[in-house]
Structures are given as C-alpha cells and as structure tokens.
Amino acid sequence: MIDTRLRKNLDWALVLFVLAIVVIGLATLYSASRDNPGRYFQKQLLWVVIGLGCMALGATIDHARLPRFAGSFYLLTIFLLVLVMVVAQEVKGATRWIPIGSFQFQPSEFAKLMMIVCLATYLTHRQERMHQIGTLVSSFVYVGVPALLIFKQPDLGTALVLIAIWFGMTYIAGARVRHLVLFLAAGAAIFAGMWFAGVLKDYQKSRLVAFVNPRADPKEAGYHVLQSRIAVGSGQLWGKGFRHGTQVQGRFIPESHTDFIFTVLAEEGGFFASALVVLLYGGVLLRGTVTIAQAEDTLGRLLAAGIVSLFAFHVLENIGMTIGIMPVAGVPLPLFSYGGSAMLLNMAAVGVLVGIGMRRHGLVF
C-alpha cells in the first residue's frame, strides 16, 4: 500500500511520458507487423498490461529494502546466464533465450535491473573509497563477470549496456573522472586486442566496418544501415502515413518490429513523429535526472543513476544506429521495440525510479 504522502510525490510527468511512448510504440508495432499485425501487437499488448503491474509493484517497493537481496540477485543472475548457455537453443547464431512454454525468457534483459540493484548496494558500502582506483577496479570486475557471460552468448550490445550502467553509477558514486578516462582508454586497447586476436565474431566486425563505410558491403553488413537511412530520409517532415511506408511495407527493413522499429516511425510519421518520440525520451531522462538530484539517500541516488544510464544508452544507441551515427549493436528501443522480457524489465525499472522519487520529503521539482 502507498500512503498519502507518497502518492502526493508521484512523478506524474514521468509516468505520462512513459505511457505516451508505450502507446506510440504499440501503434508503430502494429504497422511494422505488415501482413499479420495481430501476431506481434496482441502479444506486446499483453506484455504492456503485465508491465504496468510490474511498474506498480516496483513503485510500491521501498528501495531501502533491496540491499538485503543483492547477494541473491547476483548469484541468480550468474546462474541464469550460465544456464542459458547450457539449455538455450541457438537462434540466428546466438543463444540468449530459455524457452518456457510459448514464452522465450531472456535472462540478459533481467540481468540489467538486477545488476543495477547489486552494483548500487556494492558502491553504497564503498562510497568513502570511491576515489581509489582499487575500488573502481573491484566494482568493474563485479559487473564484468555477468557482462562477460552475456558477451559469450554472443550479445555484445547488452554487455555494453552493463558497462554503460557501471560508468554512470560509479560517476555518481564519486569516482574520479581521470580514473574513468583511464578505463575508457584501457577498454579501447582491449577491444583492439580482441579484434586482432579473433575474439569478436565475423558479423560483429562486419557491423563495425559497415558503420564506418556501409557502402563497402551494401548487400550484407551495410544493408541495414543503408535501407534504414533511405526510410528515415524518405519520411521527410510529416511522413508517408500510417502503414504506407514503402521501405517497411516492402520488407526492405529487417527486424523492423524490434531493433529497427524507429525506422518505421520515421518513415511513416516523418520528422514530426520522430522528434516527438525523442522529446518524450528526453522527458523520461530529464525526470530521471531530477530523481537522482533529489534522492535523499545514496542507495536511491545510485539506483536512479543506473536506471537513467540504462535508458540513455539504449535510446542513444538504437536511434543512432537507425540513422547511421552509431554502429549496429542489436540494442532494442526501450518501451517501444517488440519483446516481452525487455518490456517487463523496462516497466519494472520505471516503477523503481518512480518509487525512489515518491519517497523524498522535499518538494517535487
């Protein structure tokens, strides 16, 4: 139950921004489904309804109680990520989903929120030592274990999400900027070594090459980016109209209901619809930043920072790859792309963020 004081502090702006994104996402998904719009739309609508319950549940949970479960969350995350490598079936060259009846459970999605809770607890207990490089290294190893397991699926995009979350949370926790810059430099060097050592898959290398020059391989690695650019550009100011996008309806855009769903919006709704959705995401991130600033305890501040970092990376990477300013990394657009695991995770994360804001005593900005 939520008492009167907490209800008064409910961030209605954040909730309305999220609901608007979900509604526009459902309409876009319906259009992206082409021949059988009900196939994905009905399932996604079900996940949205369940997700609303997850959001309400997340808001009712007092975040101060979460640290007692951090150890269990961490072990469960590791267990599920190892399990997916053992029992999951390979789909499009990756093993990321555990079949549960007709539902495909993706542990790496839920690992994001569980690791935010775990890392927030870890950093809170070590806040006084955050200026020390040793503390930063130990926290990176703490996150690096599940990130490595996710990378092995292989899922480079989600592994990078965990790293982005780590950067955002350690910065808010008080890590020195120069230490974080050193980690960036070391990461770049390690990535270069992985490239030349053959650790990266061929398709992952091809995506990065296509990012630099998509026309070098227009029929394979560069196909997604080139077709997406054509679709986005052809939408112009007002778009071609609902379900009238030639690139999407003509099946020129692969994964138009998941990773490249923003392309559907841009072609059919034009710059106007695209800008509206970007502004809505900006509103979510702004309200999240306000929650970070107004959180009255370190744990709440770090949890909010992790959730904001999660959404920020997803939005920048997904929209960026559809217009060619970011490499294709298989990162879905939160609250928008098709996917049950992602929808439940994102709605639950929003609920936690709302709950943190509700438990402040000061005035809501």
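By convention here, each chain's residues receive numbers from 1 onward along its written sequence. With pLDDT at 70 or above as the cut-off, local features in this predicted model cover only qualifying residues; side-chain atom pairs require 80 or more to be listed or tallied, and sums for whole chains, interfaces and linings still use all residues. To obtain the side-chain values, all non-hydrogen atoms of the structure were included, while hydrogens and water were left out.

Right, let's talk about the packing of helix α12 (residues 261-294) against helix α13 (residues 298-322) for a bit. Remark: α12 packs on α13, axes separated minimally by 10 Å, with the N-to-C direction vectors making an angle of 165°. Relative to α13, α12 is oriented roughly antiparallel. Relative to α13, the crossing made by α12 is left-handed. Two secondary-structure elements touch here, α12 through Phe262, Thr263, Val278, Tyr281, Leu285, Gly288, Thr289, Thr291 and Ile292 and α13 through Arg301, Ala304, Ala305, Val308, Phe311, Ala312, Val315, Asn318, Ile319 and Thr322. All residues other than Ala, Val, Leu, Ile, Met, Phe, Trp, Tyr, Cys, Pro, Asp, Glu, Lys and Arg, Gly among them, are scored as polar; the first ten of these are nonpolar and the last four charged. Counted by class, the contact of α12 with α13 contains 12 nonpolar, 6 polar and 1 charged residues. With axes taken as lines fitted to C-alpha atoms, and helix axes fitted only over the stretch in contact, angles between N-to-C directions fall between 0 and 180 degrees. Here a helix means four or more residues in a row that DSSP labels H or I, a strand means two or more in a row labelled E, and each is numbered from the N terminus. Convention used here: angles under 35 degrees read as roughly parallel, angles over 145 as roughly antiparallel, angles from 65 to 115 as roughly perpendicular, and any remaining angle as oblique. Handedness of a crossing is defined here by the sense of rotation of the near helix relative to the far one, left-handed for an anticlockwise turn of less than a right angle and right-handed for a clockwise turn. Throughout, a contact is declared for two residues whenever any of their heavy atoms are within 4.5 Å.

A positive phi angle, near 65°, is found at Arg243, a position not held by glycine. Within the secondary structure layout, Arg243 lies in the loop between α10 (223-234) and α11 (246-249). When its relative accessible area of 28% is taken as the criterion, Arg243 is described as partly exposed. Of note, Leu335 is a non-glycine position whose phi angle comes to about 70°, a positive value. Among the structural elements, Leu335 can be located in the loop between α13 and α14 (340-358). Partly exposed residues are those whose accessible area sits between 20% and 50% of the maximum for their type, while under 20% is buried and over 50% is exposed, using a 1.4 Å probe and protein chains only.

All right, on to the packing of helix α5 (residues 107-124) against helix α6 (residues 133-151) then. The relative placement of two packed helices comes down to the angle between their axes together with the axis-to-axis distance. At a closest axis distance of 11 Å, the pairing of α5 and α6 adopts a crossing angle of 170°. Relative to α6, α5 is oriented roughly antiparallel. Each of Ser108, Ala111, Met115, Cys118, Leu119, Tyr122 and Leu123 in α5 lies in contact with α6, whose residues at this interface are Ser138, Ser139, Tyr142, Val143, Pro146 and Ile150. Among the residues forming the contact of α5 with α6, the class breakdown is 10 nonpolar, 3 polar and no charged.

Attention now moves to helix α7 (residues 156-173). Given a helix with a known number of residues, its expected span is that number minus one, times 1.5 Å. With 18 residues, α7 ought to run about 26 Å at 1.5 Å a step, and its terminal C-alpha atoms sit 26 Å apart, in line with that. Looking at the packing, one finds that the buried side of α7 touches α5, α6, α8 (177-197) and α13. Within two residues after α7, Gly174 carries a phi angle of roughly 115°, on the positive side.

Moving on to the side chain of Thr121. Along the chain, the position of Thr121 falls in helix α5. Its relative accessible area of 7% is what places Thr121 among the buried residues. In this structure, Thr121 is in contact with Pro67, Ala70 and Leu299, ignoring residues within four places of it in sequence.

Mapping Val181 onto the fold places it in helix α8. Between the alpha carbons of Val181 and Gln89 there is a distance of 39 Å; along the sequence they are 92 residues apart.

On to α13, then. For α13, with 25 residues, the first-to-last C-alpha span of 36 Å sits near the 36 Å given by 1.5 Å per residue. The element α13 is largely enclosed, with a buried count of 21 among its 25 residues. Where α13 ends, the next residue or the one after it, Gly324, has phi of about 85°, a positive value.

Here the second largest pocket is characterised by a volume of approximately 400 Å³. Elements with a minimum of two residues in the lining of the second largest pocket: α3 (37-60), α5 and α14. The element best represented in the lining of the second largest pocket is α14, accounting for 6 residues. Its residues assigned to classes, the lining of the second largest pocket comprises 15 nonpolar, 3 polar and no charged. Space inside and on the surface of the protein is sampled on a 1 Å grid over the protein atoms alone, with a cavity defined as a set of points where a 1.4 Å probe fits but cannot get out and a pocket as an open set with protein on both sides within 12 Å along at least 5 of 7 lines; lining residues have an atom within 4 Å of a point. Grid points are joined across faces, edges and corners, and a volume is the space filled by probe spheres set on the points.

What follows covers the packing of aromatic side chains. Any pair of Phe, Tyr and Trp rings, taking the six-membered ring for Trp, is counted once the centres come within 6.5 Å. Such a pair is stacked with planes under 30 degrees apart, edge-to-face with planes over 60 apart, and tilted for the rest. Here the structure, examined in full by the defined rule, presents 12 aromatic pairs. With 4.5 Å between their ring centres and 20° between their planes, Tyr122 and Tyr142 make a pair best called stacked. One end of the pair, Tyr122, is in helix α5; the other, Tyr142, is in helix α6, and 20 residues separate them in sequence. For the pair shown, Tyr122 and Tyr142 are each scored as buried. With centroids separated by 5.0 Å and ring planes inclined at 80°, the aromatic side chains of Phe140 and Trp166 adopt a geometry described as edge-to-face. Taken together, the residues span a long stretch of sequence, with Phe140 in helix α6 and Trp166 in helix α7 at a distance of 26 residues.

A separate point is the pattern of salt bridges. Note on definitions: salt bridges are taken to be side-chain nitrogens of Lys or Arg within 4 Å of carboxyl oxygens of Asp or Glu. Within this structure, the stated rule accounts for 4 salt bridges. Glu109 is the partner of Lys112 in a salt bridge, and the nearest nitrogen-oxygen pair spans 3.0 Å. Taken as a pair, Lys112 and Glu109 lie in helix α5 at a separation of 3 residues, close to a single helical turn. Judged by its relative accessible area of 1%, Lys112 falls in the buried class. Put simply, Glu267 and Lys240 hold a salt bridge, and the shortest N to O gap is 3.3 Å. Of this pair, Glu267 sits in helix α12 while Lys240 sits in the loop between α10 and α11, placing them 27 residues apart in sequence. Judged by its relative accessible area of 0%, Glu267 falls in the buried class.

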